[in-house]
Amino acid sequence: MSLIIDGKKIAKEIEIELTAKVSSMENAPRLSVVQIGDDPASASYIKAKANAASRVGIHLTHHHLPIETSIEELKSLVNDLNESEDGLIIQLPIPKKLEPVLEMIKPENDVDGFHSENLGKLVQGISGMTPCTPAGIIELLYRSGNDPEGKHVVIVGRSTIVGTPLSLLLSQKGVDATVTLCHSRTKYLEEHCKEADILVAAVGKANMITKDMVKPGAIIIDVGVNRTSEGLVGDVSTEVKEVASQITPVPGGVGPMTVVMLMSNTVKSALEN
Ligand code: NDP
């Protein structure tokens, strides 16, 4: 039976460190979250971010706009917030026609780390805003005593917000993992997964990683968040606990780490701006 990697507890430790930093700052860091439309999942993510901000001492403002918002209206709000805030995020998903505005967030305020300039810095190994979920997974590994150096990490899912930036972070000099990045066109997925010392599932398909895909003793990071009739479940089936040595739960694993890394990026931006 595997040990649980408690993301909630590790996120709390980081929150305490951030709170101490913020309390020594002259002004509270400012974070704006822009929500467009009424996606229920977005509302619950924003609530978690607002609660964490209030615990850390970050001044968070929630701008809730209707789904009909025009690109001009959104651009105008982003231009204003670029000047007044330390951090600015547009909660995804947003309507396709509004997506170009994501690139108008000033890269130094882009605390989600999604701007092409920040992703470019990641490729070059230059310090910038690192996307929160991959940064949270790296912290989770180190703080749970699982240094990825020399380990074979297999990541399933290559999105620009999770899988691809995580593969870059893990293969950077100084982190030094060996990475295999899998996706929907990968052949023999099971065989690749079975090779992993550390297996990261970031697909969005409930219970798709089964125990026959896991090497005995592997460490499992479950990024997936799937709303099913049985409640919130990850991408990793519960039977995997029978073979893995350590595993992150859903909820309470990667999710709290994503939120706390957003707080960390906001504090970083406030200190550097
Ligand atoms: P995307 O839909 O953007 O990407 C999913 C990836 O999975 C794609 O690369 C896709 O491949 C791959 N994929 C789909 N089906 C298969 C398959 N059968 N076999 C192998 N690979 C497959 O998702 P995100 O990266 O945005 O999110 C992934 C999951 O993580 C979701 O459940 C999301 O809710 C969750 N999430 C959780 C966060 C947290 O904080 N806990 C934060 C962000 C996301 P291809 O590229 O070929 O299409």
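Residues numbered from 1 in each chain as written. Predicted model: local features only at pLDDT ≥ 70, side-chain atom pairs only at ≥ 80, totals over all residues. Heavy atoms only, no water.

- Per an unreviewed UniProt entry, the protein goes by the name Bifunctional protein FolD and belongs to Marine Group III euryarchaeote CG-Epi3.
- Of the protein, the UniProt comment under Subunit (unreviewed entry) reads exactly: "Homodimer."
- You can read under Pathway (unreviewed entry) in the UniProt record for the protein the words "One-carbon metabolism; tetrahydrofolate interconversion." (UniProt positions renumbered as here; feature names shortened; annotations may be inferred.)

### Examining the layout of surface pockets
Item 1. Quantified by volume, the largest pocket comes out at close to 1,400 Å³.
Item 2. Taken together, 49 residues line the largest pocket, and the ones lying closest to its centre are Tyr 45, Thr 133, Val 225, Gly 255 and Thr 258.
Item 3. The set of elements that each furnish at least two residues to the lining of the largest pocket consists of α1 (7–23), α2 (40–56), α5 (132–143) and α8 (254–272).
Item 4. No other element matches the 10 residues that α2 contributes to the lining of the largest pocket.
Item 5. Grouping the constituent residues of the lining of the largest pocket by class yields 27 nonpolar, 12 polar and 10 charged.
Item 6. Here the lining of the largest pocket gathers at least three residues from each of two domains, domain 1 (27–107) and domain 2 (132–254). (1 Å grid on protein atoms, 1.4 Å probe; cavity = no way out; pocket = protein on both sides within 12 Å on 5 of 7 lines; lining within 4 Å. Points joined across faces, edges and corners; volume = space filled by probe spheres on them. Helix = DSSP H or I, 4+ residues; strand = E, 2+ residues; numbered from the N terminus. Nonpolar A, V, L, I, M, F, W, Y, C, P; charged D, E, K, R; others polar. Domains from an automatic or database assignment.)

### A short note on the domain arrangement of the protein
Frequently, the measure chosen for interface size is the accessible area removed from exposure when the parts meet.
Item 1. Examined at the domain level, the protein breaks down into domain 1 (27–107) and domain 2 (132–254).
Item 2. The distance between the C-alpha centroids of domain 1 and domain 2 comes to 28 Å.

### Thoughts on the packing of α1 against α8
Item 1. Axis separation between α1 and α8 bottoms out at 9 Å; the angle between their running directions is 15°. By the angle class used here, α1 and α8 are roughly parallel. α8 is crossed by α1, and the crossing has left-handed handedness. Residues Gly 7, Lys 8, Ile 10, Ala 11, Ile 14, Glu 15, Leu 18, Lys 21 and Val 22 of α1 form the contact with α8, whose own contacting residues are Pro 256, Met 257, Val 260, Met 263, Ser 264, Val 267 and Leu 271.
Item 2. Taken together, the residues of the contact of α1 with α8 sort by class into 11 nonpolar, two polar and three charged. (Axes fitted to C-alpha atoms, helices over the stretch in contact; angles between N-to-C directions. Parallel < 35°, antiparallel > 145°, perpendicular 65-115°, else oblique. Left-handed = near helix turned anticlockwise from the far one by under 90°. Contact = heavy atoms within 4.5 Å.)

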